[in-house]
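# Structure assessment
Here is what each chain is made of, one letter per residue.
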Amino acid sequence: MKNALLAVASLALIFGFMFVSSWYKDYQAEKASFMAKENVSTFIREHSQTLGSDDAKVYIVEFMDPACETCAAFAPLVRQMMDANPGKIKLVLRYAPFHDGAEQFVTMLEAAKKQGKYWETLDIMFQSQPYWASHSNPQPQKLWEFLPKAGLDMERLKKDMNDPAIAQLIAQDLADAKTLSVRKTPGYFVNGRPLQEFGHRQLQELVQSELNAVYKK
Amino acid sequence: MSQPEQKSNINWTVLFICWLLVSLSTSISIFFSSVMEFAPCVLCWYQRICLFPLVLILGAGLISFDKNVVKYSLPLAIAGWFVALYHTLLYSGIIPETMQPCSQGVSCTEEYIDLFGFITIPMLSLLSFSMVIALLLILQRRISR
């Protein structure tokens, strides 16, 4: 009798936990989709780097950190999906530099943007990431050796990195990440819907469901 | 129902309530970290180390009621209570932040929730440990009587 009560209470706790968790995730998703309608600028700012056609109807908003390994691992997947659906997907990159010292990497990237070498620089950063992006010991000077490969004017890059607008833009992105409850990178929103379960397949499914919804066959 | 049997039933119930309390606290703690994705700070981890095992220790004590259960669970609860007290004081600013042990990673004083304007996570932890200790002491007195 007593042990039965114990078992029932355990089950109630476990199911209660699962129920509240799924309710919370739905609630968050609803909140984000509401914001996507009412307050689009939280997802895309003037300064945000985008890739893909302006006519695309599926927007992938990615909160990323150049020093984040998972962001590097996910980058090819997003490109693949864009290639597979030409003109239908637009990628918006936002910054959530949560790693130690990650802000200076974002600053380098934004300075490279002024030379029109944004994507080249990001590719080089992701490729060389194992050499400079140690969590406890980020080494910007090591990244510095790789950057010329992107075809950058390094003197100009150094000067552009001092632009106070870059620090402002990072602060804005971090504030938006907080508003949208992004606490890990990469954080994805597809047309305002957050990726609830993290993973390659889950992201693909989310994008596909939006593609199906927008581009009805 | 005979007198001693009734007494032991009450003892079991006291322990059961205590177990419910730690299980609920554990669930809420995991909810904060895994579902709401609040990163637990160092002090949170020390409190979790004291809290999570209580679910199993008190649970094992319930399955075949063990009179010695207080002996093994009270030290954990007291240790957790002290960490929670320190954390609460740190959080409310009574102990200055420069004295806190975690400077890198997650700050122990970053505020995540603020229920009704004054209830914080460390305070919930302190409350929970206090109630567990009180219940365990009540149980100990009843057993040794």
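Our subject is the structure listed above.
Now for a description of the structure that goes with this document. In this text, all values refer to a predicted model and were calculated from it rather than measured experimentally. (Residues numbered from 1 in each chain as written. Chains lettered and ligands numbered in written order. Predicted model: local features only at pLDDT ≥ 70, side-chain atom pairs only at ≥ 80, totals over all residues. Heavy atoms only, no water.)

Our next topic: the packing of aromatic side chains. Per the counting criterion, the structure on display carries 13 aromatic pairs over all chains. Geometrically, the ring pair formed by F105(A) and W132(A) is tilted, given 4.4 Å between the ring centres and 50 degrees between the ring planes. Here the residue F105(A) occupies a position in helix 3 (residues 102–113), and W132(A) occupies one in helix 4 (residues 118–132), the gap between them amounting to 27 residues. Clustering of aromatic rings is evident, with ring pairs tying together F17(A), Y24(A) and F31(B). Taking NZ or CZ as reference, K88(A) lies 5.0 Å from the ring centre of Y215(A), over its face. Sitting above the plane of the W45(B) ring, R48(B) keeps its charged end 4.7 Å from the centroid. (Phe/Tyr/Trp six-rings, centres within 6.5 Å; stacked < 30°, edge-to-face > 60°. Helix = DSSP H or I, 4+ residues; strand = E, 2+ residues; numbered from the N terminus. Lys NZ or Arg CZ within 6 Å of the ring centre and 35° of its normal.)

Here we come to the interface of chain B and chain A. Size of an interface, as often reported, equals the accessible area lost when the parts are brought together. On the side of chain A, 14 residues touch chain B, which itself brings 19 residues to the contact. Note on chain B versus chain A: buried area summed over both sides is about 1,600 Å², and carbon and sulfur give 70% of it. The largest share of the area that chain B buries against chain A comes from W12(B), V35(B) and E37(B), three residues that together contribute 31% of it. Linking chain B with chain A are 0 salt bridges. (Contact = heavy atoms within 4.5 Å. Buried area = accessible area lost by both parts, 1.4 Å probe. Salt bridge = Lys/Arg side-chain N within 4 Å of Asp/Glu carboxyl O.)

Residue and element names in this part refer to chain B. Together, K7, K67, R141 and R145 make up a region of like positive charge exposed at the surface. Here K67 shows up in the loop between helix 2 (42–63) and helix 3 (69–92). Take K67: its relative accessible area is 57%, and that puts it in the exposed class. (Patch = residues over 30% accessible without salt bridge, like charges linked within 9 Å, V, L, I, M, F, W, Y side chains within 5 Å. Areas by Shrake-Rupley, 256 points an atom, 1.4 Å probe, with all protein chains shown as cover. Lys, Arg positive; Asp, Glu negative; His and termini not counted. Charge placed at Lys NZ, Arg CZ, Asp CG, Glu CD. Buried < 20%, exposed > 50% of the residue type's maximum accessible area, 1.4 Å probe, protein only.)

Residues and elements named next belong to chain A. Read across the open sheet, the 5 strands follow the order 1-3-2-4-5; overall the sheet is mixed. Of all the strands in the sheet, the pair left with one neighbour each is strand 1 (49–51) and strand 5 (193–194). Inspection of the sheet shows strand 2 (residues 58–64) paired to strand 3 (residues 89–95) by 7 bridges, in the parallel sense. Bridging across to strand 3, V58 finds its partner in I89. (Pairing = 2+ DSSP bridges.)

The next subject is helix 1 (residues 2–38) of chain A. Given a rise of 1.5 Å per residue, 37 residues ought to cover 54 Å, and the 53 Å separating the end C-alpha atoms of helix 1 of chain A matches this to within 8%. Considered for burial, the residues of helix 1 of chain A that qualify are L6(A), A9(A), L13(A), S21(A), Y24(A), Q28(A), A29(A), A32(A) and M35(A). Against helix 7 (164–179), strand 4 (187–190) and strand 5 of chain A together with helix 1 (3–35) and helix 2 of chain B lie the buried residues of helix 1 of chain A. (Expected span 1.5 Å × (residues − 1).)

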